[in-house]
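Residues per chain, in single letters:
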Amino acid sequence: MWTLLWYFVLQPENSSLVYFAGLFRLAQTDFIPEYRHRDSREFLSMAQNIEHVVNSVYKTSAVSRLYRQSVISDLSSNNDGGLLVHFWMVFVVPKSKSQFVCEDCVGAILKDSIQTSLVNRSSVGYLSDLPVDMDSVIVNGSHLLKR
């Protein structure tokens, strides 16, 4: 008995990998020396917690189908107190959708996810359970890598 198996490889629309780098300040979070070492248990734990929150923001956003991942690249101290979180994100963007994944759009999604209180009128809001200074959120340029 013979079986015929059809195998189709669907080539996605011509797309690019788009990278964004950014940072934000976690308020009410102290920098500890262990954060200087990316392989320390403290760095890995904090980075994993932040990555989980950022991933959930973008996976439930309007660009969820284009979003791939976020990676925390560094945790550093800040003169104003708190913890600076440096990160990068990756999107796979078809040519026809490139206008939806711009620096301003990606930054706005993160900023819009920060819940601020109109009562205290401070710039510190919460991204899930993380106290984020909304004024510190920066998302920089896109770097394209054609696939």
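Here the structure is a predicted model, which means the values were calculated and not measured.

Scanning the model with the defined rule gives seven aromatic pairs in all. Measuring from ring centre to ring centre gives 5.7 Å for Phe-20 and Phe-91, while their planes differ by 90°; the resulting arrangement is edge-to-face. Here Phe-91 lies in strand 3 (residues 83–94) and Phe-20 lies in strand 1 (residues 15–26), a separation of 71 residues in the sequence. Side by side, Phe-20 and Phe-91 carry an identical accessibility label, which is buried. Plain terms: the ring middles of Tyr-58 and Tyr-67 are 5.4 Å apart, the flat faces sit at 20° to each other, and that makes the pair stacked. Of the two residues, Tyr-58 and Tyr-67, both sit in the buried class. What links up through ring pairs into an aromatic cluster is the set Phe-20, Tyr-58, Tyr-67 and Phe-91.

In the structure shown here, the tally under the stated rule is one salt bridge. In this structure, Asp-133 and Arg-25 form a salt bridge, with 3.2 Å as the shortest nitrogen-oxygen distance. Of this pair, Asp-133 sits in strand 5 (residues 130–146) while Arg-25 sits in strand 1, and the two are 108 residues apart along the sequence. Per residue, the accessibility class of Asp-133 equals that of Arg-25, and both read buried.

Before going further, it helps to spend a moment on the nonpolar core. Buried together is how nonpolar side chains tend to be arranged in soluble globular proteins. Judged by nonpolar contacts, the single largest core of 34 residues is most densely connected at Phe-24, Leu-26, Ile-50, Tyr-58, Leu-75, Met-89 and Phe-91. Only strand 1, helix 1 (41–59), strand 2 (67–77), strand 3, helix 2 (103–113) and strand 5 provide two or more residues apiece to this core. Sort the elements by how many residues they give to this core and helix 1 lands first, with eight residues. Not counting the four nearest positions on each side in its chain, Phe-24 is found in contact with Ile-50, Val-54, Leu-83, Leu-84, Val-85, Phe-87, Leu-110, Val-132, Ser-136 and Val-137.

Quick look at the side chain of Ser-70 now. By secondary structure assignment, the location of Ser-70 is in strand 2. Look at Ser-70 and you get buried, because its relative accessible area is 4%. Separated by 2.6 Å, the side chains of Ser-70 and Tyr-67 make a polar contact. The residues touching Ser-70, leaving out its near neighbours within four places in the chain, are Glu-51, Val-54, Asn-55, Trp-88 and Met-89.

About the cut-offs
- Residues numbered from 1 in each chain as written.
- Predicted model: local features only at pLDDT ≥ 70, side-chain atom pairs only at ≥ 80, totals over all residues.
- Heavy atoms only, no water.
- Phe/Tyr/Trp six-rings, centres within 6.5 Å; stacked < 30°, edge-to-face > 60°.
- Helix = DSSP H or I, 4+ residues; strand = E, 2+ residues; numbered from the N terminus.
- Buried < 20%, exposed > 50% of the residue type's maximum accessible area, 1.4 Å probe, protein only.
- Salt bridge = Lys/Arg side-chain N within 4 Å of Asp/Glu carboxyl O.
- Core = buried A, V, L, I, M, F, W, Y, C linked by side-chain atoms within 4.5 Å.
- Contact = heavy atoms within 4.5 Å.
- Polar contact = N/O pair within 3.5 Å; in protein donor to acceptor, adjacent residues only side chain to side chain.

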